[in-house]
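Chain by chain, the residues run as shown.
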Amino acid sequence: MFMAKLIASTFIGSGNLWLYLDNNLIMQNSDSVTVELEKGIEYIVHWFAKCAPGSSYSITISSPREAEYQLTKTVVQFGKDQGAFRFKA
């Protein structure tokens, strides 16, 4: 079985940020993580942010190449935000 590594980091100035891989919490708030992935499998990355309106958060996924992702977002209305994307390792 071939493996790949998901390398991710997050930042939130104030508030809470949860990052999930296939509905499993892999990171909270400002942190970094490396997770082993099985190659040839489809994965879903999703997140939820809760903070004061006007606060911002960022998510960076630098590996594997198929999952590279960079997001910096300011939360405006209601102080909540969420998002997701799919990739195949």
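Described in the following lines is the structure provided in the data block. (Residues numbered from 1 in each chain as written. Predicted model: local features only at pLDDT ≥ 70, side-chain atom pairs only at ≥ 80, totals over all residues. Heavy atoms only, no water.)

**Structural notes on the overall build of the chain**
Turning to step 1, where the next piece is worked out: Across its full length, the chain holds zero helices and eight strands.
Turning to step 2, where the next piece is worked out: Helices and strands in the chain line up, N terminus first, as β-β-β-β-β-β-β-β.
Turning to step 3, where the next piece is worked out: For a compact globule of 89 residues, the expected C-alpha radius of gyration is about 12 Å, and the chain comes in at 13 Å, within 12% of that figure.
Turning to step 4, where the next piece is worked out: Projected onto the principal axes, the alpha-carbon positions of the chain cover approximately 45 × 20 × 20 Å.
Turning to step 5, where the next piece is worked out: By residue count, 37% of the 89 residues in the chain fall in the buried class.
Turning to step 6, where the next piece is worked out: Taking all contacts inside the chain whose residues are at least 6 apart in sequence as the whole, residues at least 24 apart take part in 59%.
Turning to step 7, where the next piece is worked out: Just so you have it, the chain exposes about 5300 Å², and 50% of that area is on carbon and sulfur atoms.
Turning to step 8, where the next piece is worked out: Each charge class in the chain was averaged separately, 8 positive and 8 negative side chains, and the resulting centres sit 5 Å apart. (Helix = DSSP H or I, 4+ residues; strand = E, 2+ residues; numbered from the N terminus. Rg over C-alpha atoms; globule rule 2.2 N^0.38 Å. Buried < 20%, exposed > 50% of the residue type's maximum accessible area, 1.4 Å probe, protein only. Contact = heavy atoms within 4.5 Å. Areas by Shrake-Rupley, 256 points an atom, 1.4 Å probe, with all protein chains shown as cover. Lys, Arg positive; Asp, Glu negative; His and termini not counted. Charge placed at Lys NZ, Arg CZ, Asp CG, Glu CD.)

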